[in-house]
Amino acid sequence: MSKPLMTLFQEAEAAQIDWGGQQLFALVETPAQSDFELVFVRAKECPVQGINLKCMNGTLAIEGVEATEMVLWNDTAPEKIQVQVKPKSTDVPRLKIWNVWRGKVGGVDVKQAWLGNAGMRIEQVSGQTRICCSDGMGEVDFSDLVVDLRFL
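Now for a description of the structure that goes with this document. Owing to the predicted nature of the structure, the values given are computational and were not obtained by experimental measurement.

1. Describing the sheet that holds strand E7 (residues 65-67)
Spatially, E1-E2-E12-E13-E14-E4-E9-E6-E7 is the arrangement adopted by the nine strands of the open sheet, whose pairing is antiparallel. Here the strands that pair on one side only, and so sit at the sheet edges, are strand E1 (16-19) and E7. Looking at each pair of strands side by side, their axes are set apart by 30 degrees on average, direction ignored. Of the strand pairs in this sheet, strand E6 (residues 58-62) and E7 are connected by three bridges, and their pairing is antiparallel.

This is the structure in structure tokens:
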């Protein structure tokens, strides 16, 4: 039996690993030089899938709500989301992205990340960055959540 992705990331002490010739990520970090659009392409229903966005050296704004960190849940967010990036200084903000899922633990909804077989594979599709996510539940499956990210 192969080790869970969580264990492989921990052993590598890195947010990026080689997994059978594929580059996998626990966390993706990219410069956020402009506003961007995030599109939910597909997601499994259970557990509820989401994407965590965190802006370093800036804030994110979605429909008038501003914060340095936001979670967009597939079951409550629109399919297509416009995100404004507001720098705090002349330094280019950095965007950190990782997949999350929400499920019941002791009868309470709990946000989880980086457990079990959680990981992301990045693809370039039609000029956009496609983030294919495996949640931590069960076997590795990069179709658990798929989002497209396009800087404007």
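Next comes the rest of the description.
2. Regarding the pattern of salt bridges
Evaluation of the coordinates by the stated rule reveals twelve salt bridges. For the salt bridge of lysine 44 with aspartate 135, the shortest nitrogen-to-oxygen distance reads 3.2 Å. With a gap of 91 residues between them, lysine 44 in the loop between strand E4 (36-43) and strand E5 (48-56) and aspartate 135 in the loop between strand E13 (128-134) and strand E14 (145-151) connect regions that are remote in the sequence. A residue is classified by how much of its surface remains accessible, and aspartate 135, at 0% relative accessible area, is buried. In this structure, aspartate 148 and arginine 130 form a salt bridge, with 2.7 Å as the shortest nitrogen-oxygen distance. Note that aspartate 148 is positioned in strand E14 and arginine 130 in strand E13, a separation of 18 residues in sequence. Relative accessible area serves as the criterion here: at 7%, aspartate 148 is assigned to the buried category. Take arginine 130: its relative accessible area is 19%, and that puts it in the buried class. Connected through shared salt-bridge partners, Asp75, Arg102, Lys104 and Asp109 make up one network.

3. Topic: the side chain of threonine 59
Mapping threonine 59 onto the fold places it in strand E6. Judged by relative accessible area, threonine 59 falls into the buried class, the value being 17%. Residues within four places of threonine 59 in sequence aside, it is in contact with Glu66, Ala67, Thr68, Gln84, Val85, Lys86 and Lys88.

4. Brief notes about the pairing of E13
Counting buried positions along E13 yields six of seven residues, so the element is predominantly enclosed. Note: strand E12 (residues 119-125) against E13, seven bridges, orientation antiparallel. Its bridge partner being in E13, glycine 119 is matched across the sheet by serine 134. Pairing geometry for E13 and E14, over five bridges, is antiparallel. Directly across from arginine 130, in E14, lies its bridge partner aspartate 148.

About the criteria used
Residues numbered from 1 in each chain as written. Predicted model: local features only at pLDDT ≥ 70, side-chain atom pairs only at ≥ 80, totals over all residues. Heavy atoms only, no water. Pairing = 2+ DSSP bridges. Helix = DSSP H or I, 4+ residues; strand = E, 2+ residues; numbered from the N terminus. Axes fitted to C-alpha atoms, helices over the stretch in contact; angles between N-to-C directions. Salt bridge = Lys/Arg side-chain N within 4 Å of Asp/Glu carboxyl O. Buried < 20%, exposed > 50% of the residue type's maximum accessible area, 1.4 Å probe, protein only. Contact = heavy atoms within 4.5 Å.

Without other data, these values stay purely geometric and don't point to any function.
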